[in-house]
Amino acid sequence: MNELSCYVKSEAGVFENCPCLFAVHLHFFYCSCCRNYAYSFWLYTADLVEKALSKKRESDGGRWSRRAPDSMYRKYDSTRIKAEEEVFSSKRCLEWFYEYAGTDDVVGPEGMEKFCEDIGVEPENVVMLVLAWKLDAQNMGYFTLQEWLKGMTSLQCDTTEKLRNSLDYLRSLLNEPTNFKLIYRYAFDFAREKDQRSLDINTAKCMLGLLLGKTWSLFPVFHQFLEQSKYKVINKDQWCNVLEFSRTINLDLSNYDEDGAWPVLLDEFVEWYKGRQMT
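Here is what the cut-offs are and how they apply
Residues numbered from 1 in each chain as written. Predicted model: local features only at pLDDT ≥ 70, side-chain atom pairs only at ≥ 80, totals over all residues. Heavy atoms only, no water. Salt bridge = Lys/Arg side-chain N within 4 Å of Asp/Glu carboxyl O. Buried < 20%, exposed > 50% of the residue type's maximum accessible area, 1.4 Å probe, protein only. Helix = DSSP H or I, 4+ residues; strand = E, 2+ residues; numbered from the N terminus. Axes fitted to C-alpha atoms, helices over the stretch in contact; angles between N-to-C directions. Parallel < 35°, antiparallel > 145°, perpendicular 65-115°, else oblique. Contact = heavy atoms within 4.5 Å. Nonpolar A, V, L, I, M, F, W, Y, C, P; charged D, E, K, R; others polar. Expected span 1.5 Å × (residues − 1). Polar contact = N/O pair within 3.5 Å; in protein donor to acceptor, adjacent residues only side chain to side chain. Disulfide = S-S within 2.5 Å. Phe/Tyr/Trp six-rings, centres within 6.5 Å; stacked < 30°, edge-to-face > 60°. 1 Å grid on protein atoms, 1.4 Å probe; cavity = no way out; pocket = protein on both sides within 12 Å on 5 of 7 lines; lining within 4 Å. Points joined across faces, edges and corners; volume = space filled by probe spheres on them. Core = buried A, V, L, I, M, F, W, Y, C linked by side-chain atoms within 4.5 Å.

Caption draft 1: Structural view of the pattern of salt bridges. Taken as a whole and assessed by the stated rule, the structure comprises eight salt bridges. One salt bridge connects Arg-192 with Asp-189, and the closest N-O pair in it is separated by 3.0 Å. Overall, the relative accessible area of 27% leaves Asp-189 in the partly exposed class. For Lys-205, the salt bridge identified is with Glu-227, shortest N-O distance 2.4 Å. On the criterion of sequence distance, the pair formed by Lys-205 in helix H9 (residues 201-212) and Glu-227 in helix H10 (residues 219-228) is long-range, its members being 22 residues apart. With relative accessibility at 11%, the residue Lys-205 sits in the buried group. For Glu-227, a relative accessible area of 49% puts it in the partly exposed group.

Quick look at the structure:
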């Protein structure tokens, strides 16, 4: 049995006896150039054991060579390279950033356009808002180096392909009420001019459409109300209350309390909508 024992490569690079007759595993090892990540290796099939048995029968007193076949090393190399590519690399993430930033430390409108094209989404797609939220980006249309590294590290994305594969995850965050509320609140500060406390009405309508257009049945009517209203801006309190209104008030507005703590904007919307229903 000892003569037919399998062998595995140890950390020191020598071969040692392995108790498994039908399979060989490369013991977990650590590589400083790979940031001390451990990788597991290959399974040795029973076919190799059968070959060893045949060799022993043909040669009296022969011993199965302890030299591992070259194919084992080739398979190991390809497995190691693939594993290294799957592990997040800050260096690779940095190089990826400068593909869009050029010589600057910020991805601007031109770089952002190319970035969206590469990951296969339109700039106005809601998933870009979710990505900006994950990066904690402060200005619409711009990603700074610090925002990029922090956000992409959290997503474990250092290539275009990895981010494309993460888009469904980013979209799924909108389906979770707590995350959606955080993204909704973030959108107000993200979209407003930084020297203004309120969001201009046109930007507000676009952002509301992006976030509520597909989930709030009354949004088309609310959008019409904003179109004909006197409002030029929306403040943060109004913005946040629109979300609460969309989540709690019935489509027929039957549970709306006019004496509640709703902002005047929504009181006027309810009055306008009920007036339309009566005509």
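There is more to say after this.
Caption draft 2: Examining the packing of helix H4 (residues 109-119) against helix H7 (residues 160-172) more closely. Where H4 contacts H7, the two axes come as close as 9 Å, and the packing angle between them is 70°. Here H7 runs roughly perpendicular to H4, going by the angle between their axes. When H4 is examined against H7, the residues Phe-115, Asp-118 and Ile-119 are found in contact with a partner set consisting of Thr-160, Leu-163, Arg-164 and Leu-167. Residue classes in the contact of H4 with H7 are distributed as four nonpolar, one polar and two charged.

Caption draft 3: Quick look at helix H3 (residues 90-101). Taking 1.5 Å of rise per residue, 12 residues should cover 16 Å, and H3 covers 16 Å from first to last C-alpha, within 8% of that figure. Packed against the buried residues of H3 are strand E5 (106-107), H4, strand E6 (143-144), helix H6 (145-155) and H7. Gly-102 lies just past H3 and shows a positive phi near 70°.

Caption draft 4: Up close: helix H8 (residues 177-191). End to end, H8 covers 21 Å across 15 residues, agreeing with the expected 21 Å (1.5 Å per residue, within 8%). Of the residues making up H8, those classed as buried are Asn-179, Phe-180, Ile-183, Tyr-184, Tyr-186, Ala-187, Phe-188, Phe-190 and Ala-191. Where H8 begins, one side-chain oxygen reaches toward the backbone nitrogen of Thr-178, 3.1 Å away; that side chain belongs to Glu-176.

Caption draft 5: Examining the state of the cysteines more closely. Counted by the stated rule, this structure contains zero disulfides. Summary of cysteine pairing: Cys-93 is not part of a disulfide, and the nearest cysteine sulfur, belonging to Cys-157, is at 8.5 Å.

Caption draft 6: Fine view of the environment of Leu-135. Its place among the elements puts Leu-135 in helix H5 (residues 126-135). Each C-alpha atom of the pair Leu-135 and Leu-149 lies 8.2 Å from the other, and the pair is 14 residues apart in sequence. If we ignore the near neighbours within four places in the chain, the residues touching Leu-135 are Phe-143, Glu-147, Trp-148, Gly-151 and Met-152.

Caption draft 7: Structural context of the packing of aromatic side chains. Evaluated as defined, the whole model comprises 25 aromatic pairs. Following the ring pairs from residue to residue traces out a cluster consisting of Trp-216, Phe-222, Phe-225, Phe-245, Tyr-256, Trp-262, Phe-269, Trp-272 and Tyr-273.

Caption draft 8: The arrangement of the environment of Cys-157 in detail. Tracing the backbone shows Cys-157 in the loop between H6 and H7. Put simply, Cys-157 and Ser-89 are 68 residues apart on the chain and 8.6 Å apart in space, counted from C-alpha to C-alpha.

Caption draft 9: Fine view of the layout of surface pockets. Quantified by volume, the largest pocket comes out at close to 380 Å³. Every residue lining the largest pocket is counted, 16 residues in all, and those nearest its centre are Phe-180, Leu-210, Leu-211, Lys-214 and Thr-215. For the lining of the largest pocket, the secondary structure elements donating two or more residues are H9 and helix H11 (236-248). Tallying contributions element by element places H9 first for the lining of the largest pocket, with four residues. Estimated volume of the second largest pocket: approximately 320 Å³.

Caption draft 10: Region of interest: unusual backbone geometry. Unusually for a residue other than glycine, Gln-156 sits at a positive phi of about 60°. Mapping Gln-156 onto the fold places it in the loop between H6 and H7. Positive phi values are uncommon outside glycine, yet Leu-253 reaches one of about 65°. Structurally, Leu-253 is set in the loop between H11 and helix H12 (264-278).

Caption draft 11: How the structure looks around the nonpolar core. Membership of the largest hydrophobic core comes to 72 residues, with the highest contact counts inside it found for Phe-115, Phe-143, Met-152 and Trp-239. With nine residues, H5 is the largest single contributor of residues to this core. Contacts of Phe-143, omitting those with residues within four sequence positions, involve Phe-97, Val-106, Val-107, Met-112, Phe-115, Met-128, Leu-131, Ala-132, Leu-135, Ala-137 and Trp-148.

That is the geometry; function is a separate question.
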